[in-house]
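Analysis of the macromolecular model
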Amino acid sequence: MKVLVTGATGHVGRHVVAQLAEAGHEVRAMTRTPATAAFPAGVEVVHGDLLAPESVPVDGVERMYLFPEPRTATEVVGRAKAAGVTRIVTLSSGAVTGGFDTDFQLPVEQAVEASGLEYTHLRPGDFASNTERLWGPMIRAGRVVRYAQPDAPSLAIHDGDIAAVAVAALVGDGHSGRWYDLTGPELLTRREQVAAIGAALSEEVRFEEVSAEEARAVLERQGGWAAENAGFLLGFEEYSAGGTSFDEVDWEAELVPLPTVDEVLGRPARTYAQWARDNVSAFRA
């Protein structure tokens, strides 16, 4: 079968492409910058932009991995259905299950369900790769992380595990009409995550606790994704204009490792330490 992967250069999408190709499936990888994309041999690399639905190359595709873009989701899904796509796996968020997201991932899920196509929604919590986007510049520059709330817990999931569940849902049976809440296998504090990065580097990486205001200033100086999400990540803003307030959630009860990865893949979810080892080059100067 031919599978279209949108958001193919993303932290999850690139793993989806690689795993599908390794399994011998025909893959069309869609990206806005095909000239700079690096994919396994045999992958068809094409230009496309979810914000321009007419550019999404759905011809000849049977199944699709859909990156969330709510503004055009209905049009993109409609074009996919008309072209003969029969199954869509969406990258969504655990915020949908928690009731925080009503404006971003949820409309994409709803557009896919309304199409009548087979679907599976992936709802991961913390992406392990987010820590590289937050702390990578600091670690590369000086082997120190200046951040707030060192004891805040996380169930960060390996991006490759999210992708592996996506691949299972794209090409396997028994996943249609399901949504999968996904977490990593262990609860770690931010300080413990930084220590795991240091262990992967075989160097000490210090965690220097600062106030939330100071941490936000650091992220804003970094720019990019870290700056754009600093307010939410540090508790200054709510995730969504609608849904449940963060203050109404019992986080101690909510942050429990889920067995979903084990159940879908038949193997344990990979630890954060494994993610750090797999991505150690991203933290080297």
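Residue numbers restart at each chain and count upward from 1, following the sequence in its written direction. Local features in this predicted model are restricted to residues whose pLDDT is 70 or higher, and side-chain atom pairs enter the listing and the counts only when it is 80 or higher, whereas totals over whole chains, interfaces and linings include all residues. No hydrogens and no water enter the side-chain calculation; it runs on all heavy atoms of the structure.

Moving on, we get to the pairing of strand β6 (residues 118-124). Only protein chains enter the area calculation, which uses a 1.4 Å probe; residues under 20% of their type maximum are buried, those over 50% are exposed, and those in between are partly exposed. Helix numbering and strand numbering both begin at the N terminus, where a helix is a DSSP run of H or I of at least 4 residues and a strand a DSSP run of E of at least 2. When you tally the buried positions in β6, you get 6 out of 7 residues, the bulk of the element. Strands are labelled as partners when DSSP assigns at least two bridges between them. Where strand β5 (residues 87-91) lies against β6, 5 bridges are found, and the strand directions are parallel. Paired with T90 across the bridge in β6 is H121. Pairing geometry for β6 and strand β9 (residues 178-182), over 5 bridges, is parallel. Looking at β9, one finds that L122 is bridged to Y180.

A positive phi angle, near 55°, is found at R143, a position not held by glycine. Looking at the element boundaries, R143 is found in the loop between α5 (129-142) and β7 (144-147). Accessibility expressed as a relative area gives 16% for R143, which makes it buried. Phi at S202 is positive, roughly 60°, even though this residue is not glycine. Checked against the element boundaries, S202 lands in the loop between α7 (190-201) and β11 (206-209). For S202, a relative accessible area of 66% translates into the label exposed.

The next point concerns the UniProt feature "domain: NAD(P)-binding" (unreviewed entry) in the chain. UniProt positions are given in the numbering used here, feature names are shortened, and annotations may be inferred rather than shown by experiment. The UniProt record annotates "domain: NAD(P)-binding" (unreviewed entry) at residues 7-170. The annotated region residues 7-170 carries 38% helix and 20% strand content, and the separation between its end C-alpha atoms amounts to 15 Å.

Here we come to the side chain of D101. In this fold, D101 is placed in the loop between α3 (94-98) and α4 (105-114). Buried within the structure, D101 lacks any salt-bridge partner; its nearest side chain of opposite charge belongs to R123, at an N-O separation of 8.8 Å. Polar side-chain contacts of D101 include one of 3.4 Å to the backbone nitrogen of F104. By the counting rule applied here, Lys and Arg register as positive and Asp and Glu as negative, while His and the ends of each chain are not counted. Any carboxyl oxygen of Asp or Glu that lies within 4 Å of a side-chain nitrogen of Lys or Arg is treated as forming a salt bridge with it. Polar contacts, as used here, are pairs of N or O atoms within 3.5 Å; protein pairs need one atom able to donate a hydrogen and one able to accept it. Residues neighboring in sequence count only if both atoms are side-chain atoms.

Across a sheet, paired strands are connected by hydrogen bonds in the backbone, their directions being either parallel or antiparallel. One open sheet accounts for 7 strands, arranged β3-β2-β1-β4-β5-β6-β9; its pairing is parallel. Looking at which strands have only one partner, the edges of the open sheet turn out to be β3 (44-47) and β9. Strand after strand, the sheet turns through a mean of 15° between neighbouring axes, direction not considered. Any two residues whose heavy atoms approach within 4.5 Å are treated as being in contact. Lines fitted to C-alpha atoms define the axes, with helix axes restricted to the stretch in contact, and inter-axis angles between N-to-C directions lie between 0 and 180 degrees. Along the sheet, α4 contacts β4 (63-66), β5 and β6; its crossing angle with β6, the most-contacted strand, is approximately 165°.

As a further point, take the pattern of salt bridges. Applying the stated criterion to the full structure yields 12 salt bridges. R87 is the partner of E118 in a salt bridge, and the nearest nitrogen-oxygen pair spans 2.7 Å. On the criterion of sequence distance, the pair formed by E118 in strand β6 and R87 in strand β5 is long-range, its members being 31 residues apart. Relative accessible area serves as the criterion here: at 8%, R87 is assigned to the buried category. One salt bridge in this structure joins E109 and R123, with 2.7 Å as the shortest N-O distance. With E109 in helix α4 and R123 in strand β6, this residue pair connects regions lying 14 residues apart in the sequence. Classification of E109 as buried rests on a relative accessible area of 2%. Sharing partners across several salt bridges, the network here consists of K2, E26, R28, E44 and D59.

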